[in-house]
Amino acid sequence: LPSAMALRRRALPVRVVDDCLLVAMLKPDEPVEIKSLELLTGYRIRPAVAPKDALFGALKKYYGNGNGKKPQKMTKAPAGVSRKAAAKPPKKQEHGPVTISVISNKGGVGNTHLSIKMAYSLARKGARVLLNDADLGNADVSNKLKIFPKFHLMDFLAKRKEMAELLYRTRYGFDLIASSYGEFKLANLYHAQKLKFIKHFRTIAQRYEFVIFDLGAGIGRTVMDFALAADHTIIVTTPQDVISGYACARAIFSRFKEIEESMEGKLSNYEPRLTFSPIMAINQTSNLRQGQKIFQALCKAANTKINSREAKFRIKFEYLGAIHYDSGALRTAEIKKRPLLNIMPHAKPAQSIHHMTSKFLNPDTDYFPKVKFKHPLGRFAAILSRRF
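Residues numbered from 1 in each chain as written. Predicted model: local features only at pLDDT ≥ 70, side-chain atom pairs only at ≥ 80, totals over all residues. Heavy atoms only, no water.

Caption draft 1: View of unusual backbone geometry. Unusually for a residue other than glycine, Arg10 sits at a positive phi of about 50°. Following the sequence through the fold, Arg10 ends up in the loop between helix H1 (3–9) and strand S1 (11–17). Of note in this structure, Lys337 is not a glycine but carries a positive phi near 55°. Secondary-structure assignment places Lys337 in the loop between helix H12 (327–336) and helix H13 (340–343). (Helix = DSSP H or I, 4+ residues; strand = E, 2+ residues; numbered from the N terminus.)

Structural data, given as structure tokens:
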């Protein structure tokens, strides 16, 4: 980068990684800044947050002060959202919100932590985000954030409140629909409740660009249907629970085939999706290479044990990334009941999540399947409203 540009943007190119230029920055969540750096360098940019003192010291070492002037001090952004995002909200998307479901086969692998971190990271990037605690009966999101709204999803399902009354604006920049403890289980939703949820959810969801469903652990039919109804299905696993993660993907794939075959027979002009592409997130890794190796093993297992025996449908894993295990950082987040990215943005797990959410903001990514329905959220409604 030219000296003046590097100093003005507080951006320090570090190295090329997988054809992407790794750039240390103070504010790596500004899309305009990233795009301008891509135009300047000719590389796709992979931003990484850097401590202020270290970054300014490195800029001074490699670029000088720029006409004898020191870089100006950065003003602190409000909690939960960048200054730029707060000043100018993003434009409304015409195609409806991007829905993301986060699921795991067993508890303790970190799917709720991932849901919270993704919601916070996307909100920091300026997106309008709704986090839906769909693990009814556990209220895991509320517990981890120490946020207990007066009304929750059970109040809606029991016809005590409208869905709009459930929306709770958190101080972290995203909205939350909370659940409660021990009253209900998502697996027990009956058909009328699904229809009620869909009708009101489709109206509420238009306010947002991203809707994240934190689903309960396990592979109950209703849980899997919620997972498949979303645009993107993220399966969280760990190095210690790879077999459980693979079993989760295999079970959802079986349900995926049932649904596609049923919709092909019942919906006119419906083109079935022949490939199921769950997105794998490998949590609690010792390093990024370990996550890549686990993902490659999962792909190999899917090809030899599933795809080789299928005539029509296939499963193709996508890779969201690996999340470095930092027990100290996680313990701090648990104690303070705040998102890790909010209290320790420089920690390795936080930077991993920040990079992961950037993929969902890139329309060229493989994660965006072609929409087979004319209206937004059409697939979501079709799956959850039918008796398959």
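Caption draft 2: Representation of the side chain of Ser244 within the structure. The topology assignment puts Ser244 in helix H10 (residues 242–266). Its relative accessible area of 17% is what places Ser244 among the buried residues. (Buried < 20%, exposed > 50% of the residue type's maximum accessible area, 1.4 Å probe, protein only.)

Caption draft 3: Focus on helix H5 (residues 111–124). End to end, H5 covers 20 Å across 14 residues, agreeing with the expected 20 Å (1.5 Å per residue, within 8%). The buried count for H5 comes to 13 of 14 residues, which makes it a mostly enclosed element. With its phi angle positive at about 100°, Gly126 sits one or two positions after the end of H5. (Expected span 1.5 Å × (residues − 1).)

Caption draft 4: Examining the pairing of strand S3 (residues 44–49) more closely. Two elements, strand S2 (residues 20–25) and S3, share six bridges in a ladder whose sense is parallel. If you follow Leu22 over to S3, its bridge partner there is Arg46. The parallel pair S2 and S3, bridged by helix H2 (residues 31–41), forms a crossover whose chirality is right-handed. (Pairing = 2+ DSSP bridges. Right-handed = clockwise from strand over helix to strand, strands pointing away.)

Caption draft 5: Layout of the packing of helix H9 (residues 221–229) against H10. One can describe the packing of H9 onto H10 by two numbers: an axis separation of 10 Å at closest approach and a directional angle of 75°. On the basis of the axis angle, H9 is roughly perpendicular to H10. Here H9 contributes Arg221, Met224, Asp225 and Leu228 to the contact with H10, which in turn contributes Ala251, Ile252, Arg255, Phe256, Glu258 and Ile259. Residue classes in the contact of H9 with H10 are distributed as six nonpolar, no polar and four charged. (Axes fitted to C-alpha atoms, helices over the stretch in contact; angles between N-to-C directions. Parallel < 35°, antiparallel > 145°, perpendicular 65-115°, else oblique. Contact = heavy atoms within 4.5 Å. Nonpolar A, V, L, I, M, F, W, Y, C, P; charged D, E, K, R; others polar.)

Caption draft 6: Geometry of the confidence of the model for the protein chain. With 82% of its residues at a pLDDT of at least 70, the protein chain reaches an overall mean of 81. Per-element confidence in the protein chain ranges from a low mean pLDDT of 39 for helix H4 (residues 83–87) to a high of 96 for strand S12 (residues 314–315). (pLDDT = per-residue confidence, 0-100.)

Caption draft 7: Representation of the sheet that holds strand S7 (residues 175–177) within the structure. As summarised here, the arrangement of the eight strands in space is S6-S7-S5-S8-S4-S9-S11-S13, forming an open sheet in which the pairing is mixed. Strand pairing shows two members of the sheet lacking a second neighbour, strand S6 (168–169) and strand S13 (318–324), which therefore form its edges. Summarising the sheet, strand S4 (residues 98–103) and strand S8 (residues 210–214) pair through five bridges and their orientation is parallel. Bridge pairing in S8 links Val98 to Phe210.

Caption draft 8: Spotlight on empty space enclosed by the protein. In total, this model carries two cavities of 30 Å³ or more according to the counting rule given. Along the walls of the largest cavity sit His113, Ile116, Lys117, Lys144, Leu145, Ala333, Glu334, Arg338, Pro339 and Leu340, which together make up its complete lining. Only H5, helix H6 (140–145) and H12 provide two or more residues apiece to the lining of the largest cavity. The element contributing the most residues to the lining of the largest cavity is H5, with three residues. Partitioned by chemical class, the residues of the lining of the largest cavity number five nonpolar, one polar and four charged. (1 Å grid on protein atoms, 1.4 Å probe; cavity = no way out; pocket = protein on both sides within 12 Å on 5 of 7 lines; lining within 4 Å. Points joined across faces, edges and corners; volume = space filled by probe spheres on them.)

Caption draft 9: Spatial organisation of the packing of aromatic side chains. A full pass over the atoms with the stated rule returns eight aromatic pairs. Residues Phe256 and Phe276 carry aromatic rings whose centres are separated by 5.1 Å and whose planes lie at 25° to one another, so their mutual orientation is stacked. Of this pair, Phe256 sits in helix H10 while Phe276 sits in strand S10 (residues 275–276), and the two are 20 residues apart along the sequence. No difference in accessibility class separates Phe256 from Phe276, as the two residues are buried. (Phe/Tyr/Trp six-rings, centres within 6.5 Å; stacked < 30°, edge-to-face > 60°.)

Caption draft 10: How the structure looks around the sheet that holds S2. Taking strand neighbours across the sheet as the criterion, the three strands line up as S1-S2-S3 in an open arrangement whose pairing is mixed. Taken across any chain shown, the strands that pair with only one partner, and hence form the sheet edges, are S1 and S3. Neighbouring strand axes in the sheet, compared pairwise and without regard to direction, differ in orientation by 30° on average. Examined bridge by bridge, S1 and S2 share six bridges and lie antiparallel to one another. Bridging from a neighbouring strand, Val17 pairs with Cys20 of S2. The strands touched by H2 are S1, S2 and S3; relative to S3, the strand with the most contacts, the crossing angle is about 130°.

Caption draft 11: Region of interest: helix H11 (residues 288–305). If you check H11, its first and last C-alpha atoms are 26 Å apart, about what 18 residues at 1.5 Å a residue would give, namely 26 Å. For H11, the complete set of buried residues consists of Gly291, Ile294, Phe295, Leu298, Ala301 and Ala302. For H11, the angular spread of the buried residues around the axis is 120°, confining them to a single face. In H11, those exposed residues whose orientation departs by more than 90 degrees from the buried face are Arg289, Lys293 and Lys300. Packed against the buried residues of H11 are H10, strand S11 (279–285), S12 and S13. The distance from a side-chain oxygen at the start of H11 to the backbone nitrogen of Arg289 is 3.1 Å, and the residue carrying that oxygen is Asn287. (Arc of directions from axis to C-beta. Polar contact = N/O pair within 3.5 Å; in protein donor to acceptor, adjacent residues only side chain to side chain.)

Caption draft 12: Spatial organisation of the pattern of salt bridges. Enumeration over the complete set of coordinates arrives at nine salt bridges. For Arg255, the salt bridge goes to Asp225, with nearest N and O atoms at 2.7 Å. With Arg255 in helix H10 and Asp225 in helix H9, this pair connects stretches of sequence that are 30 residues apart. The partner of Lys312 in a salt bridge is Glu264, and the shortest N-O contact between them spans 3.2 Å. Pair noted here: Lys312 is in the loop between H11 and S12 and Glu264 is in helix H10, with a separation of 48 residues, a long-range link. On the basis of relative accessible area, Lys312 is assigned to the partly exposed category, the value being 40%. In the salt-bridge network here, residues are joined through shared partners; they are Asp225, Arg255 and Glu258. (Salt bridge = Lys/Arg side-chain N within 4 Å of Asp/Glu carboxyl O.)

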